[in-house]
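If you want the building blocks of each chain, they are given just below.
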Amino acid sequence: MTITETTDSVTAEHAPVTRLASSQRIASGRLPTWSPWALLAGSLAVSAAVFAVLALGGQGFNPVGAAIIGGLLYLVLIGVISTLVEGRRTATDRIVTALVTAAFAIAMVPLVSVAYTAVHNGVAGLNAEFFSSSMRNVVGEGGGALHAIMGTLLITLAAAVISIPIGLLTSIYLIEYGRGRLAQGITFLVDVMTGIPSIVAGLFIYALFALLIGPGVRMGLMGALSLAVLMIPVVVRSSEEMLRLVPNELREASYALGVPKWLTILKVVLPTSMAGIVTGVTLAIARVIGETAPLLVTAGFTASMNYSLTEGRTMSLPVFVYTQYMNQGIPAEAYVNRAWAAALVLIVLVMILNLIARLVARYFAPAKSR
């Protein structure tokens, strides 16, 4: 092959690359940083104007429809303009970014709406009396939810004490020891328990105590057991996934040093996965702390303080919200205000639990423990 033929072949091979580079240079422009925001504002303004004109014809202004149409108009405009200036690849990236951002905004709408509604309606019922008194001998205005707050804390704490050791030990068995049909059977039962309705757990505990003690009995311990039935599968699943993420090299290194298996689990596996386990436990507590149906069946409701889980009925915040809203007296506003205030307190309790879980997870993280 001559030098000329070699040069021609190399030129032919690199021709597509050269054409691609040329096309990239042609579309090497870049939209200003402010342009997407300007297009979005313009799209929303045009959509709002169109819906405002339609509202003049007798139809009411629809802000949701205006936002949807404005978002679709923005996607079309940013796609076309970015394709002409920046190229198809950058335009696709901008469209996908807009879609992901829109999905995040849509997901935040109900969360923000619930938080705003709870705060707006719940603040009116919050006062010193609400946190320092019960509803004993209270009709109409006045009274508080101290008995419900204490009942929720006691029942949830008892449920956590029951379910966390059982769930954690079950997950350790499934990951470290479980083999064969027994492990498969336990996994199947955990999957079934994950999907059972909460009222079924309450009815199960009520039926069990009705056989052991007698029908009609209700107490806080029954409510704690019903919540524990709901918590155990969540704790098992979350802990199981965290234990599975622990590298086998850590276990093998411990075994190579002559450390027995139980001590390896205690000193190596659990500390490594502790952050995830704590997070899973917190999610399980948040899952059950707002349950109403099983507590209505098992713990019942009362207007008085009850610090004992084994004697008498115990009020909880979810049941307090339900009873105050469904059994409104005179004036009805006082009952509704107490219901919203209790709902706000319940939300704050869940937020505090999540904050504690984050702090504990950060403290037990492997990077912090070294």
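Please read these numbers as outputs of a predicted model, since none were measured by experiment.

A. Here's a closer look at the pattern of salt bridges. One pass over the structure, following the stated rule, counts eight salt bridges. Note that Glu176 is salt-bridged to Arg251, the shortest N-O span being 2.9 Å. Pair noted here: Glu176 is in helix H6 (residues 146–177) and Arg251 is in helix H10 (residues 248–256), with a separation of 75 residues, a long-range link. As far as burial versus exposure is concerned, Glu176 and Arg251 are alike and both buried. Between Arg287 and Glu291 there is a salt bridge, with its nearest N and O atoms 2.5 Å apart.

B. Region of interest: the packing of aromatic side chains. Overall, the coordinates contain one aromatic pair when judged by the stated rule. When the ring of Phe130 is compared with that of Phe131, the centres are 5.3 Å apart and the planes differ by 85 degrees; the resulting orientation is edge-to-face.

C. Highlighting the environment of Ala49. Mapped onto the fold, Ala49 is located in helix H2 (residues 35–56). Take Ala49: its relative accessible area is 42%, and that puts it in the partly exposed class. As a C-alpha pair, Ala49 and Ala66 span 17 residues in sequence and 8.7 Å in three-dimensional space.

D. A look at the nonpolar core. Residues Phe130, Ile155, Leu227, Met231, Leu243, Leu317 and Phe320 are the most contacted members of the largest nonpolar core, which totals 46 residues. Among the elements of the structure, H6, helix H8 (198–212), helix H9 (220–244), helix H11 (261–288), helix H13 (317–326) and helix H14 (332–364) are those that each provide at least two residues to this core. Other than its neighbours up to four places away in sequence, Leu243 contacts Ser171, Ile172, Ile175, Arg251, Val269, Leu270, Ser273 and Ile277.

E. Up close: the packing of H10 against H11. Contact geometry of H10 with H11 gives a least axis separation of 10 Å together with a crossing angle of 145 degrees. Regarding H10 and H11, the two cross each other, and that crossing is right-handed. Two secondary-structure elements touch here, H10 through Leu250, Arg251, Ser254 and Tyr255 and H11 through Lys261, Thr264, Val268, Val269 and Thr272. Each residue belonging to the contact of H10 with H11 can be placed in one class, and the counts come to four nonpolar, three polar and two charged.

F. A look at the layout of surface pockets. Its volume calculated, the largest pocket comes out at about 730 Å³. Going through the elements one at a time, H2, helix H3 (63–86) and helix H4 (88–122) are the ones with two or more residues in the lining of the largest pocket. The biggest single contributor to the lining of the largest pocket is H4, with 10 residues. For the lining of the largest pocket, the class distribution of residues is 17 nonpolar, four polar and two charged.

G. Spatial organisation of a nonpolar patch on the surface. A surface patch of nonpolar side chains, about 800 Å² in accessible area, is lined by Val46, Val50, Leu54, Leu73, Val76, Leu77, Val80, Ile81, Leu84 and Val85. For the nonpolar patch, the secondary-structure elements that each account for two or more residues are H2 and H3. The leading source of residues in the nonpolar patch is H3, at seven residues.

H. Broad picture of the side chain of Thr282. Counting through the fold element by element, Thr282 comes out in helix H11. Given the relative accessible area of 10%, Thr282 is considered buried. Within the structure, Thr282 has its side chain in polar contact with the backbone oxygen of Val278 (distance 2.9 Å). Apart from the residues lying within four places of it in its own chain, the contact partners of Thr282 are Leu353, Asn354 and Ala357.

About the thresholds
Residues numbered from 1 in each chain as written. Predicted model: local features only at pLDDT ≥ 70, side-chain atom pairs only at ≥ 80, totals over all residues. Heavy atoms only, no water. Salt bridge = Lys/Arg side-chain N within 4 Å of Asp/Glu carboxyl O. Helix = DSSP H or I, 4+ residues; strand = E, 2+ residues; numbered from the N terminus. Buried < 20%, exposed > 50% of the residue type's maximum accessible area, 1.4 Å probe, protein only. Phe/Tyr/Trp six-rings, centres within 6.5 Å; stacked < 30°, edge-to-face > 60°. Core = buried A, V, L, I, M, F, W, Y, C linked by side-chain atoms within 4.5 Å. Contact = heavy atoms within 4.5 Å. Axes fitted to C-alpha atoms, helices over the stretch in contact; angles between N-to-C directions. Left-handed = near helix turned anticlockwise from the far one by under 90°. Nonpolar A, V, L, I, M, F, W, Y, C, P; charged D, E, K, R; others polar. 1 Å grid on protein atoms, 1.4 Å probe; cavity = no way out; pocket = protein on both sides within 12 Å on 5 of 7 lines; lining within 4 Å. Points joined across faces, edges and corners; volume = space filled by probe spheres on them. Patch = residues over 30% accessible without salt bridge, like charges linked within 9 Å, V, L, I, M, F, W, Y side chains within 5 Å. Areas by Shrake-Rupley, 256 points an atom, 1.4 Å probe, with all protein chains shown as cover. Polar contact = N/O pair within 3.5 Å; in protein donor to acceptor, adjacent residues only side chain to side chain.

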